[in-house]
Amino acid sequence: MLEWRLFIQRMKWCVFGLLTFVHACVSQEIVGHVVVGAERMDMYIPLLEGKRVGLVVNHSSLVKGTHLIDTLLARGVRVVRLFTPEHGLRGQADAGEVVRSGRDGRTGLPVVSLYGKTKKPQPQHLEDIDVV
C-alpha cells in the first residue's frame, strides 16, 4: 500500500511538471524562436530545491545545446537517477537496439534503461526520488 501511495505522489509531481511545461509553452510569446519547457528554468528550478530528482531523458534533452542533466547539475539541482528510453542517454544506441542500465560516463549518475527488458521504472528505482 505504501508503494502505491508513493507512486501516486510521484505521478502527481509528473502531472504538475507536465502542466508547468504546457503553461510555459502556451504563455510564451514566440518571436522567431521557440522556447522549450526545459529552457524555462525560472519556472521550475524553485520547485526542485531540496528535492531528489529523477530525469527521463535521452540525447535530445537539450537546453541551448547542453544536455539537460549537465544544465541542472550546474544549477545545483540534486539529480539522483536518470531514466532513458530508446537511443540511450547520450544517443549511443541505434534505433531498436537494447539500451542497458548502468552509469552515465560524464556524471557517474545511475542510469535505468526503459528500452530493453524493463519498460517502466520499478518501485526500487523510485524509492529515493521525490520528483521525476
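See above for the structure.
Read on for a plain summary of the structure. (Residues numbered from 1 in each chain as written. Predicted model: local features only at pLDDT ≥ 70, side-chain atom pairs only at ≥ 80, totals over all residues. Heavy atoms only, no water.)

Here we look at the overall build of the protein
Along the protein, the regular secondary structure elements total four helices and six strands. When the elements of the protein are put in sequence order from the N terminus, they spell out α-α-β-β-β-α-β-β-β-α. Residues counted as buried form 34% of the 132 residues belonging to the protein. The long-range share in the protein, meaning contacts at least 24 apart out of those at least 6 apart in sequence, stands at 60%. Per element, the accessible surface of the protein, about 8400 Å² overall, is 57% carbon and sulfur. (Helix = DSSP H or I, 4+ residues; strand = E, 2+ residues; numbered from the N terminus. Buried < 20%, exposed > 50% of the residue type's maximum accessible area, 1.4 Å probe, protein only. Contact = heavy atoms within 4.5 Å. Areas by Shrake-Rupley, 256 points an atom, 1.4 Å probe, with all protein chains shown as cover.)

Overview of the sheet that holds strand β5 (residues 102-103)
Pairing in this open sheet of four strands is mixed, and the strands run β1-β4-β6-β5 from one edge to the other. Two strands in the sheet have a free side with no partner beyond their single neighbour: β1 (52-56) and β5. Bridge analysis of β5 against strand β6 (residues 110-113) gives two bridges, and the strand direction is antiparallel. Directly across from Gly-102, in β6, lies its bridge partner Val-111. (Pairing = 2+ DSSP bridges.)

Re the pattern of salt bridges
Summed over the entire model, instances satisfying the criterion amount to three salt bridges. Note that Arg-52 and Asp-130 form a salt bridge whose closest N and O atoms lie 2.8 Å from each other. On the criterion of sequence distance, the pair formed by Arg-52 in strand β1 and Asp-130 in the segment after α4 (123-126) is long-range, its members being 78 residues apart. Taking the relative accessible area as the measure of exposure, Arg-52 reaches 26% and is therefore partly exposed. Judged by its relative accessible area of 23%, Asp-130 falls in the partly exposed class. (Salt bridge = Lys/Arg side-chain N within 4 Å of Asp/Glu carboxyl O.)

Things to note about the side chain of Ser-113
With respect to the helices and strands, the residue Ser-113 is situated in strand β6. Among all residues touching Ser-113, those that are not within four sequence positions of it are Thr-84, Val-99, Arg-100, Ser-101 and Thr-118.

Observations concerning the nonpolar core
Within the largest apolar cluster, 18 residues are counted, with the highest numbers of intra-cluster contacts made by Tyr-44, Leu-55, Ile-69, Leu-72, Val-77, Val-79 and Leu-82. Going through the elements one at a time, α2 (41-48), β1, α3 (68-74) and β4 (78-84) are the ones with two or more residues in this core. Among the elements that take part in this core, α2 stands out by supplying four residues, more than any other. With sequence-adjacent residues up to four places away left out, Leu-55 is seen in contact with Ile-69, Leu-72, Val-79, Arg-81, Leu-82 and Phe-83. Ranked by size, the runner-up nonpolar core spans six residues in total, among them Val-80, Phe-83, Val-112 and Leu-114. (Core = buried A, V, L, I, M, F, W, Y, C linked by side-chain atoms within 4.5 Å.)

A closer look at the environment of Val-132
Relative to the elements of secondary structure, Val-132 occurs in the segment after α4. On the basis of relative accessible area, Val-132 is assigned to the partly exposed category, the value being 31%. For the pair formed by Val-132 and Gly-54, sequence separation is 78 residues and the distance between their alpha carbons is 4.6 Å.

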